[in-house]
Amino acid sequence: MTSQLKLDGNVRTTRVNGKGLWRSWKRNFKNKLQALLDLIDNSLDAAIQANGDGTDRSSFKGRVHVFPDVHEVFEGTSRVSSTTSGLCIVNNCMKKIRPLDKVLEVYDSSKVESGAGDIGENGVGLKQGCATLSDLSFVLVKNGSNKNIELGIVAKALQKEQGCFLPAFNFSNLKDAESPSLRDQMLSIFSQTSNGDVASCIAQYGGASSGSDPNLVIGVERLCQHFDYICSFFNNSHVFMVIMDKVHHGLSEQYVRNAWDAQQKITVNHLMRDLREEIPKTYLHIPNSFDFRIGRKAEKSEFKYWPARMVELSSFTVDVNPKIPWQQKFDHPDAYQLRVFIGFDGMRITDSEAGKEASLYVYSRQSGRLISHNPDARTLLGLSAGGTMFCQGLTIIIDDIAGNLPLNPTKQEVAFGEEAHGEVHKENLMSWVGSVVHFYYSFHLKKCGQKKTVLTRKIAGFGDVLMDKNRHLSLKTLDSSDLTTHQLSFKSIGKSIRADKSSAQEIVGVDTLCRLSAERSSNRNANKRSRNTTDNDSRQPKKKIPRRTKPSESDREKEEVYCGDDSSHSAHYATQPSNPHVPRCKKPVSYQETESDSDRKTEEVNDSDDNTLLATCSRASQERHNTRQKVEDVDTESVPIQSTMGRNAHIEHVEESDSCTKDDYRTFCARLTKKTKKKTAQIKALTEELAKEKNLRQHLQQQIKVLQGRIKTLETE
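Computed from a predicted model, the values in this text were never measured in an experiment.

Participant: What's the story with the overall build of the protein in this structure? I'm lost.
Facilitator: Within the protein, the secondary structure is distributed over 18 helices and 16 strands. For the protein, with 717 residues in total, the buried portion stands at 42%. Nonlocal contacts in the protein, meaning residues at least 24 apart in sequence, comprise 70% of its contacts between residues at least 6 apart. Total accessible area on the protein is roughly 39,200 Å²; 49% of this is exposed by carbon and sulfur atoms.

Below, the structure written as C-alpha cells:
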C-alpha cells in the first residue's frame, strides 16, 4: 500500500481538514452533468494526447466507454438478480499513466503551468467530479502490463477533520499458477486491522442492492471483475477506469422510500441520456476514428454537431495580442492566432422557444472542450444589440486549440483575472472576433437586399436538408472540414475594428454544403427604381387636365366630331370612317351613360382580351396623333378664325372620343401588374425548388461516394 502522505511513519492523512475539503469539492460544479463531463474530459485528454507526443501511433485508437455498473447474481447459469449500482468510465492511453498515489495527492496536479495538452489529465477535477457524483468511488489503473495494476479510493467516509485520506494500492493480475490471484491479494491486504476503514468502503460496495448487507468478499470480487475488464480492454497497455458507486440522485429519503434500486437505475440512465445529448456539442476536435460509446452495446458517438445544423458555416483567423491594447499596436508579432467559426443555426431559427440572437461558444484545448456559452453576445462583441440585427440564429464559435485562454480548474469559464493583463486580453479578443462577425453578417445580409426577413426565410428553408437522418454520412468533423473563408484586411474605425469590404475576397469551401444564394430581383428592382427616378427628373411637368363635367342639353346638340378629309376642311357628323382600323366616331352620350358603359366594358374584358385591348388602344392613340399633326400643319392664315376654333374644338373632341379611355388603360395596367406578380411568385417558387433539388443532388452524390468507398474497402478485404 502506498499512502498519500506519511507523517511519523504511520499517519496516512494530510494536514488539511478532510471533511471541509470534501464539502468544497462538491460545490465546484453547477450540476452532476458538468461533473461527469469533467471526468470524461480527463479521459479524452489522456486518449487524445498521443497526437502530439512524437510517438508512432499508427496502431493506436483512442477509446472512451461510459456504461452502468451492474451487479448480477447467478445461481448456476441462471441470473437471479441484476442491480444498477453506479456508473463506470474507462479509457485507454498510449503513454504511461502517473502513479495513483501522485494522481490522488491533494494540491499536486499535472495541470500546474499546463499547456494545451496537459490540462484536465487526472488533476483536481478527478477528486471534485467523484465527490460531486458519489460518496464512494474507485480508480483502477493498468500501467504497462497486468503485473502493474493499481487501486485508488475516493470516499467521504475516509475523510476526517484531522486530515484528508485518499489511499492507493498496488497489485498484480497475472493468470499463472505461481502467482497469487488478485482476489487473494486484495482479501489479504484489506483484512488487516490497519486497513479496516478501507475494508468497510469495499464491503459497502459489496452490498450492491438496498436490501443487501455490506460484504467484503463480494466487494473484492466485483473489483476483480473490473480489473479483468481493463486488463483485456482491446489489448491496450495503459488503461484508466473510474467507478462511481450509488450516484447521487438529489431526492430525499422520504420520497424514495423503498425504491432505492429503481431510483438509482433511473438516475444513471438519465445521466447517460443527458450525456448522449451534450457530448457531441461539448467537443470540437474528436476525430472520426475515435471510439466513444455511451452504454454497453451502444453505437459509436459522432462529433458533428455544428456541421450538421449550420448554414453558411465559415472559418476566420484573427491575431489577438494578450498584453498590448489593439488601439496602440494594431499588428504585433507577439499576437497569437485564434480560429473563429461563424454560421447561422438552421435548427435554432425554427425553434419557437429558442432565442435567435448571436450566441457565442468558447472552446479550448486540444480536445476542443466547451468552456462557456453566452446566448446573446452582441454587446460583448461590440455589435448593435437593438431589434433583430445580428440575430437569425447567428452562431459564433471561438476555437482556442492552442490553449492561450486561461481557464478555471473546472474548465467552466475563461479566467482572465488570472493574467496580469487579463482585461486587455479580453478586450482585444472580443474586438477582433466582433470585427469578423460584423463582416460575416453584413456580407450575407447584402445577398438578401438588406432585408432581415428574407435572410430568415432563406435560412429556415434549409430545415428539410438539415433534418435528413442520413446526412451525417457526408459530413466531416469541424476540425477536418474545408470551410468557406475570406481574405480580409482590417482597419480601425472609431473604437471598433472593421474589415475592409472593398478588398474582401470569398474562398468557397467544399464542405460548406448549405450556402445562401443572392437575391437576384434586388438588383433589378434597384436599377428600375434608379431609371424611374432619372426619367421623372427629366420629364416636363404635366398640365392639369380639367375634370370632365356633365354636358348640358344645348351643348350636346352643338357637339360635332370631325371625321372628314383634312384637305377639304369640311366637317361631317358621325359618319363611318373609311379606314376600318380606326374606331367608329360616335356622338357623345350623357355622363350617366358614359360611366355605366365604362363599368360594363370593365366587367366584360378578361385576361384573354388584354392583347386586343392593348392593340386597339395603340391604334387609336396613333390615329389621334396623326390627326393632330395634320391639323397643325395647315396654314392658319387661309383659314377663318371660326374654322380654326372649330378645328381646336375638333381636336379636343378627338381626344375625348377615343374608345380607349384612361380607365381602360388603368384597367389594363392593373391586370398586367397582377399577372406579373403571379408569374414572379411562380418563378420564385420554382427557383427555391431548384435550389432544394441541387442540395439533395449534392447530398446523394456524397452518399454515393461514401458507399463506393465502402465497396472498395470490402473488395480489398
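There is more to say, and it comes next.
Participant: What is the right way to look at helix 18 (residues 662–716) in this model?
Facilitator: Three- or four-residue spacings in an α-helix give side chains the same orientation, since the helix completes a turn every 3.6 residues. In this model helix 18 runs 80 Å from its N-terminal to its C-terminal C-alpha over 55 residues, within 8% of the 81 Å that 1.5 Å per residue would give. All of the buried residues in helix 18 are Asp-664, Thr-667, Phe-668, Arg-671, Asn-695, His-699 and Gln-703.

Participant: In this structure, what is going on with the pattern of salt bridges? I would like to understand it.
Facilitator: Opposite charge on two side chains permits pairing when their charged atoms draw close. Per the stated rule, a full pass over the model turns up 21 salt bridges. Taking the shortest distance from any N to any O, the salt bridge between Arg-515 and Glu-312 comes out at 3.7 Å. A residue pair is termed long-range when its members are at least 10 positions apart, and Arg-515 in the loop between strand 16 (505–507) and helix 13 (520–538) and Glu-312 in strand 8 (residues 310–320) qualify at 203 residues. On the basis of relative accessibility, which here comes to 32%, the residue Arg-515 falls in the partly exposed class.

Participant: Can you help me understand the sheet that holds strand 12 (residues 394–400) in this one?
Facilitator: The pairing of strands in a sheet comes from backbone hydrogen bonds and takes either a parallel or an antiparallel form. Reading across the sheet, the 5 strands line up as 8-9-12-10-11 and stay open at both edges, with mixed pairing between neighbours. Whereas interior strands pair on both sides, the edge strands pair on one side only; in this sheet they are strand 8 and strand 11 (369–374). Pairwise comparison of adjacent strand axes, ignoring direction, gives a mean angle of 20° for this sheet. In terms of strand pairing, strand 10 (residues 359–364) meets strand 12 through 6 bridges, oriented parallel. Each residue of the ladder has a partner; that of Tyr-363, found in strand 12, is Asp-399.

Participant: Explain the sheet that holds strand 2 (residues 78–93) to me, please; I cannot follow it from the model alone.
Facilitator: If you walk across this open sheet you meet the 7 strands as 5-4-3-6-2-1-7, and the pairing is mixed. Of all the strands in the sheet, the pair left with one neighbour each is strand 5 (168–171) and strand 7 (291–294). Sheet twist, expressed as the average angle between the axes of neighbouring strands with direction ignored, equals 25°. For strand 4 (residues 149–155) and strand 5, the ladder comprises 4 bridges, and the chain directions are antiparallel. Within strand 5, the residue paired with Gly-152 across the bridge is Ala-168. Running over the sheet, helix 2 (residues 32–48) touches strand 1 (63–75), strand 2, strand 6 (238–245) and strand 7 and is turned about 55° from strand 2. On top of the sheet, helix 9 (residues 260–282) reaches strand 1, strand 2 and strand 7; it is set at about 35° to strand 2, its chief contact.

Participant: Honestly, the side chain of Ser-134 in this entry has me stumped. Any pointers?
Facilitator: Its place among the elements puts Ser-134 in the loop between helix 4 (124–133) and strand 3 (136–143). Once you skip the residues sitting within four places of it in the chain, Ser-134 turns out to touch Trp-22, Met-244, Asp-245, Lys-246 and His-248.

Participant: What is the right way to look at the nonpolar core in this model?
Facilitator: As a rule of thumb, soluble globular proteins bury nonpolar side chains together. One finds Leu-36, Ile-40, Leu-44, Met-244, Leu-275, Ile-279 and Phe-292 to be the most contacted residues of the largest nonpolar core, which totals 47 residues. For this core, the element with the most residues is helix 2, which contributes 9 residues. Excluding residues within four positions of it along the chain, Leu-44 makes contact with Val-64, Tyr-283, Ile-286, Phe-290 and Phe-292. Leu-338, Phe-416, Trp-432 and Phe-439 belong to the second largest nonpolar core, which has 46 residues in total.

Participant: Sorry, what's going on with the packing of helix 5 (residues 182–190) against helix 7 (residues 216–231) here?
Facilitator: It is at 10 Å that the axes of helix 5 and helix 7 come closest, and there the two elements cross at 135°. For the element pair helix 5 / helix 7, the angle class is oblique. Crossing angle aside, the handedness with which helix 5 passes helix 7 is right-handed. Across the interface between the two elements, Leu-182, Arg-183, Met-186, Leu-187 and Phe-190 from helix 5 touch Leu-216, Val-217, Val-220, Glu-221, Leu-223, Cys-224 and Phe-227 from helix 7. Taken together, the residues of the contact of helix 5 with helix 7 sort by class into 10 nonpolar, no polar and 2 charged.

Participant: Looking at this structure, how should I read the packing of aromatic side chains?
Facilitator: Two measures describe an aromatic ring pair: the distance that separates the ring centres and the angle between the ring planes. Under the counting rule described, the total for this entry stands at 17 aromatic pairs. With centroids separated by 6.3 Å and ring planes inclined at 90°, the aromatic side chains of Phe-316 and Tyr-440 adopt a geometry described as edge-to-face. With Phe-316 in strand 8 and Tyr-440 in helix 10 (residues 422–447), this residue pair connects regions lying 124 residues apart in the sequence. Tyr-440 matches Phe-316 in its accessibility class, with the two residues each being buried. Site record: aromatic cluster; members linked through ring pairs are Phe-316, Phe-344, Phe-390, Phe-439, Tyr-440, Tyr-441 and Phe-443. One cation-aromatic arrangement involves Arg-63 over Phe-234; the distance from NZ or CZ to the ring centre is 3.7 Å. For the cation-ring pair, Arg-296 lies above Phe-67, with the distance from its terminal atom to the ring centre recorded as 3.9 Å.

Participant: Looking at this structure, how should I read empty space enclosed by the protein?
Facilitator: If you roll a probe as big as a water molecule over the atoms, it shows you where there is empty space left. For the coordinates displayed, the defined rule picks out 8 cavities of 30 Å³ or more. If you add up the space inside the largest cavity, you get close to 90 Å³. Forming the walls of the largest cavity are Val-465, Arg-471, Ser-474, Leu-513, Cys-514, Asn-695, Gln-698, His-699 and Gln-702. When residues in the lining of the largest cavity are grouped by element, the largest group, 4 residues, is from helix 18. Within the lining of the largest cavity, the residues separate by chemical class into 3 nonpolar, 5 polar and 1 charged.

Participant: Please clarify how unusual backbone geometry should be interpreted in this entry.
Facilitator: Leaving glycine out, the prevailing phi sign among residues is negative, and the prevailing peptide bond configuration is trans. In this structure, Asn-235 is a non-glycine residue whose phi angle is positive, near 60°. Of note in the backbone geometry, Phe-390 takes a positive phi value of approximately 55° without being a glycine.

Participant: It is not clear to me how the environment of Met-310 should be interpreted in this structure. Could you clarify?
Facilitator: In this structure, Met-310 sits in strand 8. For the pair Met-310 and Arg-515, spaced 205 residues apart in the sequence, the C-alpha separation amounts to 9.8 Å.

Participant: Mind showing me how you'd approach a positive patch on the surface here?
Facilitator: Residues Lys-19, Arg-23, Lys-26, Arg-27, Lys-156 and Lys-160 make up a contiguous surface patch of positive charge. Inspection of the secondary structure assignment puts Arg-23 in helix 1 (residues 18–26). Classification of Arg-23 as partly exposed rests on a relative accessible area of 49%.

Participant: I'm lost on the confidence of the model for the protein in this one. Help?
Facilitator: Parts of the prediction with low pLDDT should not have their coordinates interpreted in detail. Averaged over the protein, the pLDDT score is 79; the fraction of residues at 70 or greater is 73%. The low-confidence segment residues 110–122 (pLDDT under 50) makes 38 contacts with residues lying over four places distant or belonging to another chain. Within the model, the stretch residues 631–658 combines pLDDT values under 50 with 19 contacts to residues more than four positions away or in other chains.

The rules behind these values
- Residues numbered from 1 in each chain as written.
- Predicted model: local features only at pLDDT ≥ 70, side-chain atom pairs only at ≥ 80, totals over all residues.
- Heavy atoms only, no water.
- Helix = DSSP H or I, 4+ residues; strand = E, 2+ residues; numbered from the N terminus.
- Buried < 20%, exposed > 50% of the residue type's maximum accessible area, 1.4 Å probe, protein only.
- Contact = heavy atoms within 4.5 Å.
- Areas by Shrake-Rupley, 256 points an atom, 1.4 Å probe, with all protein chains shown as cover.
- Expected span 1.5 Å × (residues − 1).
- Salt bridge = Lys/Arg side-chain N within 4 Å of Asp/Glu carboxyl O.
- Pairing = 2+ DSSP bridges.
- Axes fitted to C-alpha atoms, helices over the stretch in contact; angles between N-to-C directions.
- Core = buried A, V, L, I, M, F, W, Y, C linked by side-chain atoms within 4.5 Å.
- Parallel < 35°, antiparallel > 145°, perpendicular 65-115°, else oblique.
- Left-handed = near helix turned anticlockwise from the far one by under 90°.
- Nonpolar A, V, L, I, M, F, W, Y, C, P; charged D, E, K, R; others polar.
- Phe/Tyr/Trp six-rings, centres within 6.5 Å; stacked < 30°, edge-to-face > 60°.
- Lys NZ or Arg CZ within 6 Å of the ring centre and 35° of its normal.
- 1 Å grid on protein atoms, 1.4 Å probe; cavity = no way out; pocket = protein on both sides within 12 Å on 5 of 7 lines; lining within 4 Å.
- Points joined across faces, edges and corners; volume = space filled by probe spheres on them.
- Patch = residues over 30% accessible without salt bridge, like charges linked within 9 Å, V, L, I, M, F, W, Y side chains within 5 Å.
- Lys, Arg positive; Asp, Glu negative; His and termini not counted.
- Charge placed at Lys NZ, Arg CZ, Asp CG, Glu CD.
- pLDDT = per-residue confidence, 0-100.

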